[in-house]
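The residues making up each chain are set out below.
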Amino acid sequence: MSLDTHFVAGSWRRGADRLDIRNPSDLDELAGSYTLATADDVRDAVAAARAAQPVWRAATVEQRSLVLDSISRALFDRKDELARIAATEGGKTIPDALGEITRAGHLARFFAAEALRAPGETLGSVRPGVEVDVTREPVGVIGLVTPWNFPVATPMWKIAPALAFGNAIVWKPSEKTPGISVAVTRIVAQALAEHGMPTALFNMVVGAGPQVGAAVVDAVDAVSFTGSVGTGRRIAVRCAERMVRVQLELGGQNPLVVLADADPERAADIAVNSAYFHAGQRCTATGRLVVEDGIHDAFVAAMTERMAALRVGHSLLPDTQIGPVIDEFQLTKNLGYIESGLREGAEVAAGGARLDRPTRGWFLAPTLFTSTSNAMTINREEVFGPVASVIRVKDYEEALAVANDTDYGLSSGIITNSMKHARHFQANVQSGMTMLNLPTAGVDYHVPFGGRKMSSYGPREQGRSAIEFYTIIKTAYRAL
């Protein structure tokens, strides 16, 4: 097995320390062996990207589009192989992994089209004999720091627009999912080479955030980061000190409001999907189920019935619906939040414990708390696991107030048959994305993604909004 983990200056290289990744569904299985990058590797990567970027900047919009189209086709063509890698090292079920890689393919295809239609305009001046051009230019070298929970889609919604608009890249993926990052890098490098572009404009270094991630942040022209609030704040401070642009996506504690006029069975189906699939390891997952008093008991009964039927197991088994959490650290953290909920007076209606399966793995029963308040730790902090809490409220007004009583503001949802309440909620909920009679998790690739409050900082990701981060506007005046 090759330990050449890092793609720097157009070549694969070995890092300093060995990194063994265990299958979270079967800890006796070695998913892969890799190495960790050093600050020197980052320095070389940034230098290579900076040297190659002028060639890419000068490429035609068609050349950029063709590269992205090749990336898209490779993701679709190799989706089964890539899904197995993602499932084996990250614990995703095969359907989850296939869905993510398909989305990544759509993202690359969308930005292949966007490369062809990067906007600009010519305007008349307020002064006679003067004309004004407003154009967009690439930023330069972009540092991309991405998490393990969506190791293909999240990088691709950064990689694709960065390339579409003429930038070079230094990518620091999570060290928890290096195998899929290597596979994605091979696809990007091959697409660049096939179209005569320097592969050195795309670099990938795997390593821990405090060492490798920090070195990337210290050297590039802009940083796009998805991860924890604490790390995001440190990156924002450093980027402000360096006067470079920054884009942050930092998670959420997302509310799903269930009003008394809803069908409890349908509401439970939506809530289970929102809270528990991908083991709750989605920044858009529902953590707080804000339920009106009139439907509370029927909703909880429907939830516990569905949760009892959920199949938690090895991610590669065809009947598995929910795989393991990513690693021991995440499992311990999730169990700590469950203990915190119990200490603060919450009651467990379902789950709440580690599960034994035929293989040793990080399996956790999907957990539902009742008798909770919005002041409890489990409702204030992002658990990032298959744990959700029911908060009983008396009416819609209280539900909206509870939904907004959070430091986060990524996703939200409401389940109701009332158009009046649905429209009011849409206008007044304090989140960047909101869903009507849909799960809070699950978004389209061609529209903006992002939140407010502690969930996001900087321009939106995805869709046509992505151009705001990956380009700089230039206004040029000329005499006629």
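In case you missed it, the structure is sitting above this.
Note that the structure is a prediction, hence the values are computed from the model and not measured.

Draft legend 1. A look at the overall build of the chain. In terms of regular secondary structure, the chain is built from 15 helices and 20 strands. In terms of overall dimensions, the chain is globule-like: its C-alpha atoms have a radius of gyration of 23 Å, near the 23 Å expected for 480 residues. For the C-alpha atoms alone, the extent of the chain along its principal axes is close to 70 × 65 × 40 Å. Classification of the 480 residues of the chain by burial places 57% in the buried group. Within the chain, counting contacts between residues at least 6 apart in sequence, those at least 24 apart form 72% of the total. For the chain, the distance from the average position of its 48 positive side-chain charges to the average position of its 53 negative side-chain charges is 5 Å.

Draft legend 2. A look at the sheet that holds strand E15 (residues 367–370). The strand order across the open sheet built from 7 strands is E14-E15-E16-E13-E12-E17-E18, with neighbouring strands paired in mixed fashion. With partners counted over all chains shown, the strands left at the sheet margins are strand E14 (347–350) and strand E18 (433–436), one partner each. Strand after strand, the sheet turns through a mean of 25 degrees between neighbouring axes, direction not considered. With 5 bridges joining them, strand E13 (residues 286–292) and strand E16 (residues 387–393) adopt parallel strand pairing. In the strand pairing of E16, Val291 is matched with Arg392. On the sheet, helix H9 (residues 264–276) packs against strand E12 (254–258), E13, E15, E16 and strand E17 (411–415) and is oriented at approximately 175 degrees with respect to E12.

Draft legend 3. Region of interest: the nonpolar core. The biggest cluster of nonpolar side chains holds 87 residues, and the ones touching the most others in it are Ile71, Met156, Leu163 and Val205. In this view, Leu163 contacts Trp56, Arg64, Leu68, Ile71, Ile169, Val188 and Leu201; residues no more than four positions away in its chain are not counted.

Draft legend 4. Representation of the packing of aromatic side chains within the structure. Under the defined criterion, the tally for this structure stands at 6 aromatic pairs. Where Phe110 meets Phe111, the ring centres are 5.0 Å apart and the plane angle is 90 degrees; that geometry is what we call edge-to-face. Since its relative accessible area comes to 0%, Phe111 is described here as buried. Between Phe469 and Tyr470 the ring centres are 4.9 Å apart and the planes differ by 90 degrees, which places this aromatic pair in the edge-to-face class. Just as Phe469 is buried, Tyr470 falls in that class too. Here the basic side chain of Lys92 rests over the ring of Phe150, its NZ or CZ set 4.1 Å away from the ring centre. If you follow Arg186 out to its NZ or CZ, it ends over the ring of Trp12, 4.3 Å from the centre.

Draft legend 5. Seen up close, the side chain of Arg282. Inspection of the secondary structure assignment puts Arg282 in the loop between H9 and E13. No salt bridge is formed by the buried Arg282; the nearest opposite charge belongs to Asp96, separated by 6.2 Å. From its side chain, Arg282 meets the backbone oxygen of Ser274 in a polar contact 3.2 Å long. Leave out the neighbours within four places in its chain, and Arg282 touches Asn149, Phe150, Asn273, Ser274, Ala275, Tyr276, Phe277, Phe384 and Ala441.

Draft legend 6. Looking closely at helix H5 (residues 153–164). Taking 1.5 Å per residue, 12 residues should reach 16 Å; H5 reaches 16 Å between its end C-alpha atoms and fits that length. Along H5, 12 of the 12 residues are buried, which leaves the element largely enclosed by surrounding structure. Along H5, the positions that sit buried rather than exposed are Ala153, Thr154, Pro155, Met156, Trp157, Lys158, Ile159, Ala160, Pro161, Ala162, Leu163 and Ala164. Gly166 occupies a position one or two residues after H5 and carries a positive phi of about 95 degrees.

Draft legend 7. Inspection of the pattern of salt bridges at higher detail. Under the defined criterion, the tally for this structure stands at 29 salt bridges. The salt bridge partner of Lys158 is Glu461, with a shortest N-O separation of 3.0 Å. Of the two residues, Lys158 is situated in helix H5 and Glu461 in the loop between strand E19 (456–457) and helix H15 (467–470); the sequence distance between them amounts to 303 residues. Three or more residues joined by partner-sharing salt bridges are found here, namely Arg13, Asp40, Asp41, Arg43 and Asp44.

Calculation notes
Residues numbered from 1 in each chain as written. Predicted model: local features only at pLDDT ≥ 70, side-chain atom pairs only at ≥ 80, totals over all residues. Heavy atoms only, no water. Helix = DSSP H or I, 4+ residues; strand = E, 2+ residues; numbered from the N terminus. Rg over C-alpha atoms; globule rule 2.2 N^0.38 Å. Buried < 20%, exposed > 50% of the residue type's maximum accessible area, 1.4 Å probe, protein only. Contact = heavy atoms within 4.5 Å. Lys, Arg positive; Asp, Glu negative; His and termini not counted. Charge placed at Lys NZ, Arg CZ, Asp CG, Glu CD. Pairing = 2+ DSSP bridges. Axes fitted to C-alpha atoms, helices over the stretch in contact; angles between N-to-C directions. Core = buried A, V, L, I, M, F, W, Y, C linked by side-chain atoms within 4.5 Å. Phe/Tyr/Trp six-rings, centres within 6.5 Å; stacked < 30°, edge-to-face > 60°. Lys NZ or Arg CZ within 6 Å of the ring centre and 35° of its normal. Salt bridge = Lys/Arg side-chain N within 4 Å of Asp/Glu carboxyl O. Polar contact = N/O pair within 3.5 Å; in protein donor to acceptor, adjacent residues only side chain to side chain. Expected span 1.5 Å × (residues − 1).

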